[in-house]
Amino acid sequence: MRDFTPQEWESICCRCGQCCLIKLQDETGGEVYYTDIVCRYFDSVSKSCTCYAERCMLVPSCLKLTAQNLNKIDWIPDSCAYNILFRTGKLPDWHPLVTGKPLDKKYAVSDNVVSEQFVKEEDMEDHIIEEK
Ligand code: SF4
Ligand code: SF4
């Protein structure tokens, strides 16, 4: 992947929010499962992070994606624009930088997500939606 300016790199994020879904990892096999639970800082109406500048400090598990760590993180959603760019060398057809329009809702997290603030830890498994 070529070098990007910080601004270009940020613009690749289509703000789909898929990486803000809480993931559970099987302690034995290591499998990663996505849930329909979102990070407490995710605003499910605007589909955006409410603490973007401080996200890595407030949420230690919220990794800042870089061209260097992208291929080392196994839980990145397949639909993540960075992941697609890394795998295919180009942005997907639906990306706002390609279409010139806001992201189509169907690529963003569902409206039916629940904040982690309202889910007890012991109930999280009931919210699994798919295996990564
Ligand atoms: S999954 Fe990728 S494109 Fe979507 S919000 Fe997260 S970093 Fe941005
Ligand atoms: S801190 Fe922000 S970017 Fe990170 S997981 Fe939470 S909502 Fe998403």
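Right, let's walk through the structure included here. (Residues numbered from 1 in each chain as written. Chains lettered and ligands numbered in written order. Predicted model: local features only at pLDDT ≥ 70, side-chain atom pairs only at ≥ 80, totals over all residues. Heavy atoms only, no water.)

1. Some thoughts on a negative patch on the surface
On the surface, Glu121, Glu122, Asp123, Glu125 and Asp126 cluster together to form a negatively charged patch. Secondary-structure assignment places glutamate 122 in the loop between strand 5 (114-115) and strand 6 (128-131). (Patch = residues over 30% accessible without salt bridge, like charges linked within 9 Å, V, L, I, M, F, W, Y side chains within 5 Å. Areas by Shrake-Rupley, 256 points an atom, 1.4 Å probe, with all protein chains shown as cover. Salt bridge = Lys/Arg side-chain N within 4 Å of Asp/Glu carboxyl O. Lys, Arg positive; Asp, Glu negative; His and termini not counted. Charge placed at Lys NZ, Arg CZ, Asp CG, Glu CD. Helix = DSSP H or I, 4+ residues; strand = E, 2+ residues; numbered from the N terminus.)

2. Observations regarding the site of ligand 1
Taken together, Cys13, Cys14, Arg15, Cys16, Gly17, Cys19, Leu65, Cys80, Ala81 and Tyr82 form the complete shell of residues around ligand 1. Split by residue class, the shell around ligand 1 holds eight nonpolar, one polar and one charged. (Near = heavy atom within 4 Å. Nonpolar A, V, L, I, M, F, W, Y, C, P; charged D, E, K, R; others polar.)

3. A few points about the site of ligand 2
Taken together, Cys20, Cys39, Tyr41, Phe42, Cys49, Cys51, Arg55, Val59 and Cys62 make up the full set of residues adjacent to ligand 2. Here the residues of the shell around ligand 2 sort into eight nonpolar, no polar and one charged.

4. Considering the pattern of salt bridges
Per the stated rule, a full pass over the model turns up five salt bridges. Close ionic contact of arginine 15 with glutamate 10 constitutes a salt bridge, the shortest N to O distance being 3.8 Å. Given a relative accessible area of 38%, arginine 15 falls into the partly exposed group. Across the salt bridge formed by aspartate 111 and lysine 47, the nearest N and O atoms sit 2.6 Å from each other. Of this pair, aspartate 111 sits in the loop between helix 4 (96-99) and strand 5 while lysine 47 sits in the loop between strand 3 (42-43) and strand 4 (48-49), and the two are 64 residues apart along the sequence. Here the salt bridges do not stand alone but share partners, grouping Lys47, Lys105 and Asp111 into one network. (Buried < 20%, exposed > 50% of the residue type's maximum accessible area, 1.4 Å probe, protein only.)

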